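Summary of the model geometry
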Amino acid sequence: TFAAVSSRSGYKLSGTLIPASSTLLAIFDITANANEDVTFEVSSSDITVNVSRVQTDSNGTSNTWTLKNQDGTTLDTATVTDTAATVVFDFASSEFTVPAGLTRSLFIYGDTTEFEDDGDTVQLYLDDTATDLDWSINNNGVEYNDADKIFRGDIYAGSFVNPS
């Protein structure tokens, strides 16, 4: 494949969940395995992130989640309900390029203020459904749907739990 995705090698976020308006929930590394750049074009590429959660209660208010690159640039924001099973980031704020032969990171921050009860849990993962990842090569405008290969077996970030 042209691209490979993994949770941060040798580094897995997990542990105690401290509710906050911007909690770092996942770091996913993307590698361009070929002699060409892997690109995520503004508003035409996307990545679907699955949310596994145990949430005791909800105020029914949607929250903002943010996708950033390793330099802290916001690539997209998404409005997420307290019951959402997925979050779709479509790179509406900025494109993301992984130069040929290199690895770059995506950071996902979520508003976890509704995870205030003992035992509340959240974990993000990338599911191996083909359309859960749309990307391009060298900004060529052609979108590839290869999550069934790239995310094979699903890719999990760490799990956070509000201790009881």
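Everything that follows concerns the structure shown earlier in this document.
We now turn to the structure provided with this report. All values reported here derive from a predicted model rather than from experimental measurement.

This next bit is on the nonpolar core. Core analysis: the biggest nonpolar cluster contains 40 residues, and Ile47, Trp65, Phe89, Ile108 and Leu124 have the highest contact counts within it. Residues within four places of Leu124 in sequence aside, it is in contact with Leu25, Ala26, Val49, Asn50, Val51, Trp65, Ile108, Ile155, Tyr156, Ala157 and Gly158.

Moving on: empty space enclosed by the protein. Taken as a whole and assessed by the stated rule, the structure comprises two cavities of 30 Å³ or more. In this structure, the second largest cavity encloses a volume near 30 Å³. What lines the second largest cavity is simply Arg53, Asn63, Trp65, Val80, Thr81, Asp82, Asp111 and Phe115. Residue composition of the lining of the second largest cavity, by class: three nonpolar, two polar and three charged.

A separate point is the packing of aromatic side chains. Under the counting rule described, the total for this entry stands at four aromatic pairs. Note on Phe40 and Phe96: the rings are 5.9 Å apart at their centroids and 40 degrees apart in plane angle, and the pair reads as tilted. Taken together, the positions of Phe40 in strand β4 (residues 38-40) and Phe96 in strand β9 (residues 96-98) put the pair 56 residues apart, joining distant regions of the chain. For Phe40, a relative accessible area of 2% corresponds to the buried category. The rings of Phe40, Phe91 and Phe96 are connected pair by pair, giving a single aromatic cluster. One Lys or Arg, Lys68, reaches over the ring of Tyr109 and ends 5.2 Å from the middle of that ring.

So, about the pattern of salt bridges. Throughout the structure, instances matching the rule amount to one salt bridge. A salt bridge links Asp146 to Lys149, with the nearest nitrogen and oxygen atoms 3.6 Å apart.

Pairing analysis gives two bridges linking strand β2 (residues 15-16) to strand β14 (residues 155-161), with the strands arranged parallel. Directly across from Thr16, in β14, lies its bridge partner Val161. Where strand β11 (residues 121-126) lies against β14, five bridges are found, and the strand directions are antiparallel. Along β14, the bridge assignment pairs Leu126 with Ile155.

The topology assignment puts Asp132 in the loop between β11 and β12 (133-137). When neighbours within four sequence positions are excluded, Asp132 is seen to be in contact with Asp46, Ile47, Thr48, Asn50, Asp127, Ala147 and Phe151.

Note: most peptide bonds trans; most residues except glycine with negative phi. Phi at Phe91 takes a positive value of approximately 55 degrees, unusual for a residue other than glycine. For Phe91, the location among the structural elements is in the loop between β8 (86-89) and β9. The buried category is assigned to Phe91, whose relative accessible area is 0%. Although it is not a glycine, Asp154 sits at a positive phi angle of roughly 70 degrees. Looking at the element boundaries, Asp154 is found in the loop between α1 (147-150) and β14. Given the relative accessible area of 21%, Asp154 is considered partly exposed.

In this section: the side chain of Ser105. For Ser105, the location among the structural elements is in strand β10 (residues 103-110). A residue is classified by how much of its surface remains accessible, and Ser105, at 4% relative accessible area, is buried.

Cut-offs used in this document
- Residues numbered from 1 in each chain as written.
- Predicted model: local features only at pLDDT ≥ 70, side-chain atom pairs only at ≥ 80, totals over all residues.
- Heavy atoms only, no water.
- Core = buried A, V, L, I, M, F, W, Y, C linked by side-chain atoms within 4.5 Å.
- Buried < 20%, exposed > 50% of the residue type's maximum accessible area, 1.4 Å probe, protein only.
- Contact = heavy atoms within 4.5 Å.
- 1 Å grid on protein atoms, 1.4 Å probe; cavity = no way out; pocket = protein on both sides within 12 Å on 5 of 7 lines; lining within 4 Å.
- Points joined across faces, edges and corners; volume = space filled by probe spheres on them.
- Nonpolar A, V, L, I, M, F, W, Y, C, P; charged D, E, K, R; others polar.
- Phe/Tyr/Trp six-rings, centres within 6.5 Å; stacked < 30°, edge-to-face > 60°.
- Helix = DSSP H or I, 4+ residues; strand = E, 2+ residues; numbered from the N terminus.
- Lys NZ or Arg CZ within 6 Å of the ring centre and 35° of its normal.
- Salt bridge = Lys/Arg side-chain N within 4 Å of Asp/Glu carboxyl O.
- Pairing = 2+ DSSP bridges.

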